[in-house]
Amino acid sequence: MMDKALLQKFESLDLEHMQLKLSIRPMESTLQHIFAIPLITRDIVEQKPHLRGGYQRIEQRFQETKSYEEVRNMTMKITEDIGMSYKRTVVADALVTCSEFFQVVDSRDGRIVQGMRDGDEEEIVDHVVRFEVVTDITESGEGREVGNWKIIDLDDMLDGNVFH
């Protein structure tokens, strides 16, 4: 599953006269970073766009003032704006090493516009993939339900696709 902003990046390509040959086989992966964002999810930010970058503003303000009181007040303001929420967004960055073949051909004249030639060996390529999942408290209140992980950025094409 991929985030809609990442899908739009690919859907905007004019492929009428282009033929894409792509083979990607993941070989190994390494978790690089993982962090949780309390209260806020992409869906909440879509409904309340003024919350976009809220946590970044808190971090920036703390860097400027070193005031825990100000951080607390800004956090409380976000909490008031969201309402009762036990949701958390978990973001994970992974380095995924793949064996891949990539080629874009102009279908009008057969010219290779980008990528490899037919018959070339697959290349070993590293990709940085950012995943995201939303968790929520279970109905019993004794644990968390984990949603479906989705890819929200690939090789920083969306500068991390940050919303928090």
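Everything that follows concerns the structure shown earlier in this document.
Residues numbered from 1 in each chain as written. Predicted model: local features only at pLDDT ≥ 70, side-chain atom pairs only at ≥ 80, totals over all residues. Heavy atoms only, no water.

**Q** Would you mind going over the packing of helix α3 (residues 54-65) against helix α4 (residues 68-82) with me for this structure?
**A** A pair of packed helices is characterised by two quantities: the angle between their axes and the separation of those axes. Close contact between α3 and α4 brings their axes to 9 Å; oriented N to C, the two are set at 165°. When the axis of α3 is compared with that of α4, the two are roughly antiparallel. When you trace α3 past α4, the crossing you get is right-handed. Together, Gly54, Tyr55, Arg57, Ile58, Arg61, Phe62 and Thr65 of α3 and Tyr68, Glu70, Val71, Met74, Thr75 and Ile78 of α4 make up the contact between the two elements. When its residues are assigned to classes, the contact of α3 with α4 shows seven nonpolar, three polar and three charged. (Axes fitted to C-alpha atoms, helices over the stretch in contact; angles between N-to-C directions. Helix = DSSP H or I, 4+ residues; strand = E, 2+ residues; numbered from the N terminus. Parallel < 35°, antiparallel > 145°, perpendicular 65-115°, else oblique. Left-handed = near helix turned anticlockwise from the far one by under 90°. Contact = heavy atoms within 4.5 Å. Nonpolar A, V, L, I, M, F, W, Y, C, P; charged D, E, K, R; others polar.)

**Q** Just checking my understanding: could you explain the nonpolar core for this structure?
**A** Proteins that are soluble and globular tend to have nonpolar side chains buried together. Counting 12 residues, the largest nonpolar core is built from Ile37, Leu39, Ile40, Ile44, Val45, Leu51, Tyr55, Ile58, Ile78, Ile82, Val91 and Phe163. Listing elements by their share of this core, those giving two or more residues are α2 (42-47), α3 and α4. In this view, Val45 contacts Ile40, Leu51, Arg52 and Phe163; residues no more than four positions away in its chain are not counted. (Core = buried A, V, L, I, M, F, W, Y, C linked by side-chain atoms within 4.5 Å. Buried < 20%, exposed > 50% of the residue type's maximum accessible area, 1.4 Å probe, protein only.)

**Q** Would you explain the side chain of Glu132 in this entry?
**A** Tracing the backbone shows Glu132 in strand β4 (residues 123-137). Among the polar contacts made by the side chain of Glu132, one reaches the side chain of Arg42 at a distance of 2.7 Å. In this view, Glu132 contacts Arg42, Thr89, Val90, Val91, Asn148, Trp149, Lys150, Ile152 and Phe163; residues no more than four positions away in its chain are not counted. (Polar contact = N/O pair within 3.5 Å; in protein donor to acceptor, adjacent residues only side chain to side chain.)

**Q** Help me understand α4, please; the structure alone is not making it clear to me.
**A** An α-helix turns once every 3.6 residues. As a result, residues three or four positions apart point the same way. End to end, α4 covers 21 Å across 15 residues, agreeing with the expected 21 Å (1.5 Å per residue, within 8%). Residues of α4 that are buried: Ile78, Asp81 and Ile82. Summarising the axial view, the buried residues of α4 lie within an arc of 100°, below the 170-degree limit, and thus occupy one face. Opposite the buried face of α4, by more than 90 degrees, sit the exposed residues Tyr68 and Glu80. Buried residues along α4 sit in contact with α2 and α3. Following α4 by one or two positions, Gly83 has its phi on the positive side, about 90°. (Expected span 1.5 Å × (residues − 1). Arc of directions from axis to C-beta.)

**Q** Can you help me understand the environment of Arg57 in this one?
**A** Structurally, Arg57 can be placed in helix α3. In this structure Arg57 comes out as partly exposed when scored by relative accessible area, which is 39%. For the pair Arg57 and His164, spaced 107 residues apart in sequence, the C-alpha separation works out to 9.2 Å.

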